[in-house]
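These are the residues of each chain, in order.
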Amino acid sequence: MDCLFCSILKGEIPSTKVYEDEAVYAFRDINPQAPTHVLVIPKTHIPSADAVSAENSAAVAAVFEAIPKIAKLEGLEQGYRVITNIGEHGCQSVKHLHFHVLGGKQLSETMD
Ligand code: 5GP
Ligand code: ZN
């Protein structure tokens, strides 16, 4: 299977690590949309949030346990936004579940 983020997890493609534990990896987005723009991914391949089920949701829980730690590491005390894009209308470009953590500035009120 050809997956960019699985290649990043294997170290085949370099990335700037922000956080890692046994289930989660977080790294800086190559094209940041805010002063902090971190991608948080499960180490298991899940195609998108639309593929979350009782069988794999522990990996999602691990991601959400990691996010507050990452926010603290990044100094996002004033708040931040977590986004996951799904499919074509959601503009998902990488088909490995990932959560964008955006912060470090006042974000816009619109989400579309
Ligand atoms: P999506 O559009 O699927 O929600 O988000 C994919 C994100 O991955 C984009 O924000 C894009 O900038 C980022 N990205 C794409 N290729 C790479 C890469 O090779 N390295 C890193 N660090 N980020 C990438
Ligand atoms: Zn993958």
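Numbering of residues starts from 1 in every chain and runs along the sequence as written. Ligands are numbered from 1 and chains lettered from A, in the order in which they are written. Under the rules for a predicted model, residues below a pLDDT of 70 receive no local features and side-chain atom pairs below 80 are neither given nor counted, while totals for whole chains, interfaces and linings still include all residues. Only hydrogens and water are set aside; all other atoms, that is, all heavy atoms of the structure, feed into the side-chain values.

Undergrad: Quick one: what's the story with a nonpolar patch on the surface, residue by residue and with numbers?
TA: Patches were defined on residues exceeding 30% relative accessible area and lacking a salt bridge, with like-charge contacts within 9 Å and nonpolar side-chain contacts (Val, Leu, Ile, Met, Phe, Trp, Tyr) within 5 Å. Here the Shrake-Rupley method, with its probe set to 1.4 Å, supplies the accessible areas, and only the displayed protein chains count as covering residues. A side-chain nitrogen of Lys or Arg and a carboxyl oxygen of Asp or Glu constitute a salt bridge if their distance falls within 4 Å. A cluster of nonpolar side chains, contributed by F64, Y80 and V82, occupies part of the molecular surface with about 240 Å² of accessible area. Relative to the assigned elements, Y80 resides in strand β4 (residues 80-83). Only DSSP runs of H or I with at least four residues qualify as helices, and only runs of E with at least two residues qualify as strands; both kinds are numbered from the N terminus onward.

Undergrad: I'd like a rundown of the layout of surface pockets, residues and numbers included.
TA: By volume, the largest pocket is sized at about 690 Å³. Every residue lining the largest pocket is counted, 30 residues in all, and those nearest its centre are D29, H37, L39, H98 and H100. Mapped onto the lining of the largest pocket, the elements with two or more residues apiece are α1 (4-10), β2 (24-28), β3 (36-42), β4 and β5 (99-103). Classifying every residue of the lining of the largest pocket by side-chain character gives 15 nonpolar, 11 polar and 4 charged. Residues are called lining when one of their atoms sits within 4 Å of a cavity or pocket point, these points coming from a 1 Å grid over the protein atoms alone, where a cavity is a set in which a 1.4 Å probe fits but cannot get out and a pocket is an open set with protein on both sides within 12 Å along at least five of seven lines. Grid points are joined across faces, edges and corners, and a volume is the space filled by probe spheres set on the points. In this structure, the second largest pocket spans a volume of roughly 190 Å³. Lining of the second largest pocket is provided by G75, L76, E77, Q78, G79, Y80, G104, K105, Q106 and L107. Residue polarity is assigned by list, with Asp, Glu, Lys and Arg as charged and Ala, Val, Leu, Ile, Met, Phe, Trp, Tyr, Cys and Pro as nonpolar; anything else, Gly included, falls into the polar class. Classifying every residue of the lining of the second largest pocket gives 3 nonpolar, 5 polar and 2 charged.

Undergrad: Go over the coordination of the zinc ion (ligand 2), please, and point to the residues and values.
TA: Because water is not among the atoms used, a metal site may look incomplete, as its donors are only the N, O and S atoms within 2.8 Å, or 3.2 Å for Na, K and Ca. Taken together, C3 (SG), C6 (SG), H45 (ND1) and H96 (ND1) make up the full set of protein donors to the zinc ion (ligand 2), lying 2.1 to 2.3 Å away. Classification of H45 by relative accessible area gives partly exposed; the value is 28%. Relative accessible area decides the class of each residue, using a 1.4 Å probe on protein chains only: under 20% of the type maximum gives buried, over 50% gives exposed, and in between gives partly exposed. A residue is classified by how much of its surface remains accessible, and H96, at 0% relative accessible area, is buried.

Undergrad: Please set out the state of the cysteines residue by residue, giving values where relevant.
TA: Pairs of cysteine sulfur atoms within 2.5 Å are what we label disulfides. Using the criterion set out here, one finds 0 disulfides in the structure. Take C91: it sits in no disulfide, and the sulfur closest to it among the cysteines is that of C3, at 18 Å.

Undergrad: I'd like a description of the nonpolar core, backed by residues and values.
TA: The nonpolar side chains of a soluble globular protein tend to be buried, and buried together. Only buried residues count toward a nonpolar core. Its members are Ala, Val, Leu, Ile, Met, Phe, Trp, Tyr and Cys residues joined through side-chain atoms within 4.5 Å. Counting residues in each nonpolar core, the largest one holds 19 residues, and the members touching the most others are V24, A26, V38, V40 and I70. Every element with two or more residues in this core is listed here: β1 (17-20), β2, β3, α2 (57-73) and β5. It is α2 that provides the largest number of residues to this core, a total of 8 residues. Ranked by size, the runner-up nonpolar core spans 9 residues in total, among them F5, Y25, L39 and V94.

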